[in-house]
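# A look at the structure
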Amino acid sequence: MEIIKILQAHKPVLLRDFINLATPITGCWVDCTFGAGGYSRALLQNGASQVLAIDKDSETKVFLKSIQNEYGNLIKFYNQSFADMETNDDITNRDDIGGIVLDLGVSSMHLDNSSRGFSFRKNGPLDMRMGNQPGPTASEIINLCSETTLADLIFFYGQERKARKIANRIVEERKKKEINTTFELAEIIRAIVPKNFKKDPSTRTFQAIRIAVNNELKDLSKALMFAEKKVRRGGTIAVVTFHSLEDKIVKDFGKIMSGKASSINRYRPLVSKSYPSLVPVNKKPVVAAIDELDRNKRARSAKLRVYKKVSDSPSRILAKIEFPEVELGI
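Heads up: these notes are all about the structure in this document. All residue numbers here refer to positions counted from 1 along the written sequence of the relevant chain. Since the coordinates come from a predicted model, pLDDT governs what is reported: local features require at least 70, and pairs of side-chain atoms require 80 or more to be given and counted, while whole-chain, interface and lining totals use all residues. To obtain the side-chain values, all non-hydrogen atoms of the structure were included, while hydrogens and water were left out.

Below, the discussion takes up empty space enclosed by the protein. Method remark: on a 1 Å grid restricted to protein atoms, a set of points is classed as a cavity if a 1.4 Å probe fits but cannot get out and as a pocket if it is open with protein on both sides within 12 Å along at least five of seven lines; lining residues have an atom within 4 Å of a point. Grid points are joined across faces, edges and corners, and a volume is the space filled by probe spheres set on the points. A full pass over the atoms with the stated rule returns 2 cavities of 30 Å³ or more. Its volume calculated, the largest cavity comes out at about 400 Å³. Surrounding the largest cavity, 29 residues form its lining, Thr33, Phe82, Asp103, Gly105 and Met130 being those nearest its centre. For the purposes of this entry, the term helix denotes a DSSP run of H or I that reaches at least four residues, the term strand denotes a run of E that reaches at least two, and both are numbered from the N terminus. Sorting the residues of the lining of the largest cavity by element identifies α3 (38-45), α6 (108-111) and α12 (216-230) as the ones contributing at least two each. When residues in the lining of the largest cavity are grouped by element, the largest group, 3 residues, is from α12.

A word on the sheet that holds strand β3 (residues 75-78). With mixed pairing, 7 strands are arranged side by side in an open sheet as β3-β2-β1-β4-β5-β7-β6. Single-partner strands in this sheet number two, and they are β3 and β6 (278-280). This sheet shows a mean twist of 20 degrees between the axes of neighbouring strands, independent of strand direction. Any two strands with at least two DSSP bridges between them are considered paired. Bridge analysis of strand β1 (residues 28-31) against strand β2 (residues 50-54) gives 4 bridges, and the strand direction is parallel. Note on definitions: angles span 0 to 180 degrees between N-to-C directions of axes, and those axes are lines fitted to C-alpha atoms, for helices only across the stretch in contact.

Here the focus is helix α4 (residues 64-71). Only protein chains enter the accessibility calculation, which uses a 1.4 Å probe; a residue is then buried when its area is under 20% of its type maximum, exposed when over 50%, and partly exposed in between. Within α4, the full set of buried residues consists of Leu64, Ile67 and Tyr71. Mapping the buried residues of α4 onto a view down its axis gives an arc of 70 degrees, with all of them on the same face. Summarising the geometry of α4, the exposed residues directed more than 90 degrees from the buried face are Lys65 and Asn69. Only heavy atoms matter for contacts: two residues are in contact if any of them lie within 4.5 Å across the pair. Tucked into the core, α4 has its buried residues touching α3 and β3. One or two positions beyond α4, positive phi appears at Gly72, with a value near 60 degrees. Here, the arc refers to the directions that run from the helix axis to the C-beta atoms.

Our next topic: the packing of aromatic side chains. Stacked, tilted and edge-to-face pairs are distinguished by plane angle, under 30 degrees for stacked and over 60 for edge-to-face with tilted covering the rest, among Phe, Tyr and Trp rings (Trp via its six-membered ring) whose centres lie within 6.5 Å. Under the definition given, this model contains 6 aromatic pairs. Considering the side-chain rings of Phe18 and Trp29, the 5.7 Å spacing of their centres and the 80 degrees angle between planes classify their relative orientation as edge-to-face. On the criterion of sequence distance, the pair formed by Phe18 in helix α2 (residues 15-22) and Trp29 in strand β1 is long-range, its members being 11 residues apart. Take Phe18 and Trp29: they sit in the same class, and that class is buried.

Residues in a regular strand point their side chains to alternate faces of the sheet. Inspection of the sheet shows β2 paired to β3 by 4 bridges, in the parallel sense. Paired with Val51 across the two strands is Ile75, which belongs to β3.

Salt-bridge detection follows one rule: a side-chain nitrogen of Lys or Arg within 4 Å of a carboxyl oxygen of Asp or Glu. Applying the stated rule across the entire model yields 16 salt bridges. Residue Arg94 is joined to Asp96 by a salt bridge in which the shortest nitrogen-to-oxygen separation is 2.9 Å. Judged by relative accessible area, which is 23%, Arg94 ranks as partly exposed. Here Glu173 and Lys176 are joined by a salt bridge, their closest N and O atoms 3.3 Å apart. Of this pair, Glu173 and Lys176 both sit in helix α9 (residues 163-176), 3 residues apart, which is roughly one turn of the helix.

Geometric values such as these leave the question of function open.
The following block contains the structure:
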């Protein structure tokens, strides 16, 4: 019962804007982040012939039944990572994929469940795994990674300026005893990072650890490359991001596939295309309106980018989407 209450608290972000930008909605859609089913339901309500819903978190399946009661076999659920879409025959064998949508980041159902270990506001075990995947857990990263690795991942994934000081303090504290709870980690960080009226001092470090645990940036890159190849001509790729690293990956992906990326860069190989396979529907990312922010604080950092497929010939070059990657060494 507690899990259902937590799940029901989840509100899909920028849903109205997504539907407006994706219209007309036709064909089969892939909802890569099913969550509480908000996007899947809206897609079926607005013209999708079927929705193939994906979520690596098996607990989200509790919301499937209510949609199936209304739409029957027009929705199918797959408990897997969206990074592995290319291994799903129900997706790869279809030629009517009208769109793929990803609502990224950690959801309220994760943050509000203390046993998942995502929130510095609720004490719980340092886990942070979004699905049922094997480790490493957040605790294993905190207790086993070298000081240099911790500093790098906190800096690159969390964009935390005091990363090296935080990493050093973590290593000193774990010599005394293992760091196994969210409150223990948050207390260490708050001793280093000054208080901020807008954000808890722990925010960036917790984000960094979560990204490392779930391999989020690499998974996003894989999903985008597959989506560009699989969506039919005239179809849509839509992504909601919640921090600048995700948004930069999506933005760079859009530039590459629309032929707008520079081909002169001595630090990386040719990434521009001689023809566009995608074009942006919205020139600038859509952010939440005031009325949505009043209803849902999670929307404050959300950005929506939407692209249309304009070519039947997907990219055949090995376009490189740049993202920081830190080897954990454990």
